[in-house]
Amino acid sequence: MKQRFLISLAMLLMSFASYAQIETKMVSHALSFLDVPYVANTLEMDGEEELVINCDEVDCTTFVEYVMALAKTPQEANGDISETAFAENLMKIRYRNGKIDGYTSRLHYVSDWINNGLRNGMIEDITAANSPYSTTLKLNYMTTHPNNYKQLANSPENVATMKKIENSLTGSEYHFLPKEKLGHNGNLWIKNGDIICFTTNIAGLDVSHMGIAFYADSKLTLIHASSTEKKVVVSKISLAQMLQSNDNVVGIRVLRVK
Ligand code: 2YP
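Since the structure is predicted, the reported quantities are computational estimates derived from the model, not experimental observations. (Residues numbered from 1 in each chain as written. Predicted model: local features only at pLDDT ≥ 70, side-chain atom pairs only at ≥ 80, totals over all residues. Heavy atoms only, no water.)

Student: Honestly, the packing of helix H2 (residues 60–72) against helix H3 (residues 83–94) in this entry has me stumped. Any pointers?
Tutor: The packing of two helices is summarised by the inter-axis angle and the distance between the axes. It is the contact of H2 with H3, at a shortest axis distance of 9 Å, that shows an interaxial angle of 130 degrees. In this view, H2 runs oblique relative to H3, as classed from their interaxial angle. As H2 runs across H3, the sense of the crossing is right-handed. Across from Thr-62, Glu-65, Tyr-66, Met-68, Ala-69, Leu-70 and Lys-72 in H2, the residues of H3 making contact are Phe-86, Asn-89, Leu-90, Ile-93 and Arg-94. When grouped by side-chain class, the residues that make up the contact of H2 with H3 number 7 nonpolar, 2 polar and 3 charged. (Axes fitted to C-alpha atoms, helices over the stretch in contact; angles between N-to-C directions. Helix = DSSP H or I, 4+ residues; strand = E, 2+ residues; numbered from the N terminus. Parallel < 35°, antiparallel > 145°, perpendicular 65-115°, else oblique. Left-handed = near helix turned anticlockwise from the far one by under 90°. Contact = heavy atoms within 4.5 Å. Nonpolar A, V, L, I, M, F, W, Y, C, P; charged D, E, K, R; others polar.)

This is the structure:
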């Protein structure tokens, strides 16, 4: 009996240690991007879709993707991170089932991006376990604003494929934390390094922004690529204040990298 107890205690400690490790990596890699310029559309290259790695110019999504890929890529003996292993992880994060098959294989909607991360085991959605509030997806933003997307504006075929993707996601339910329920000191269940997605009331869209949870003193803030400050920053105000100040934000989804 005693031996069984000791084994399960060891397993518990190991799982805690691995969580603590990934939390530290997420935060340290996120902080390494501070002041990197905010640049939109860095993935929108001419010609066939290919894996873009540009850690010198990021938007909210590419920032989170690069931080996550870095955190998930083991350091080599000399402390370096293998470019190949990093690229492989980034591919798994950014493309449906980790495979590039044209523009529409990129996970454009964050709900699709989350589902993919749940499938490949890189993230867990800790929102449902901590918030009873849920809502139903209704996605059509990209196909009702095709001119906002270079690869949609000149390709009825891509629009038709995106429509199928939007229809496949529409109707699915997900849990979120209403912004009114988030305290300035965060909530015990949101940890350093968690990925925070802002759920939105913008018609046909699911998420409007994302970043990395960071407790500065006891205040829960956000490390994010800010389109207003035009660079990666630690928010000066709390995450709760950020959400409250934006009428288009309804709440948050909280994801933990595994
Ligand atoms: C995503 O937008 C794009 C992807 O196509 C793109 O616009 C959509 C639905 N998807 O591959 C990806 C990387 O560039 O960006 C993001 C955008 O946030 C911007 C980049 C930001 O706040 O910096 C994701 O979708 C995350 O929140 C939304 C937001 N898009 C819109 O508000 C239309």
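There's more to say after this.
Student: Is there a simple way to explain the site of the ligand in this structure?
Tutor: Around the ligand lies a shell of 15 residues, among which Tyr-38, Asp-59, Arg-106, His-108 and Tyr-149 are the nearest. Separating an oxygen atom of the ligand from a side-chain N or O atom of His-108 is a distance of 2.7 Å. One of the side-chain nitrogen or oxygen atoms of His-209 is found 3.0 Å away from an oxygen atom of the ligand. Computed on the free molecule, the ligand has an accessible area of 630 Å², of which 85% lies beneath the protein chains in the complex. Of all the secondary-structure elements, those providing two or more residues to the shell around the ligand are H2, helix H5 (141–144) and strand S6 (207–216). The class makeup of the residues in the shell around the ligand is 9 nonpolar, 4 polar and 2 charged. (Near = heavy atom within 4 Å. Polar contact = N/O pair within 3.5 Å; in protein donor to acceptor, adjacent residues only side chain to side chain. Areas by Shrake-Rupley, 256 points an atom, 1.4 Å probe, with all protein chains shown as cover.)

Nothing here speaks to function; it is geometry throughout.
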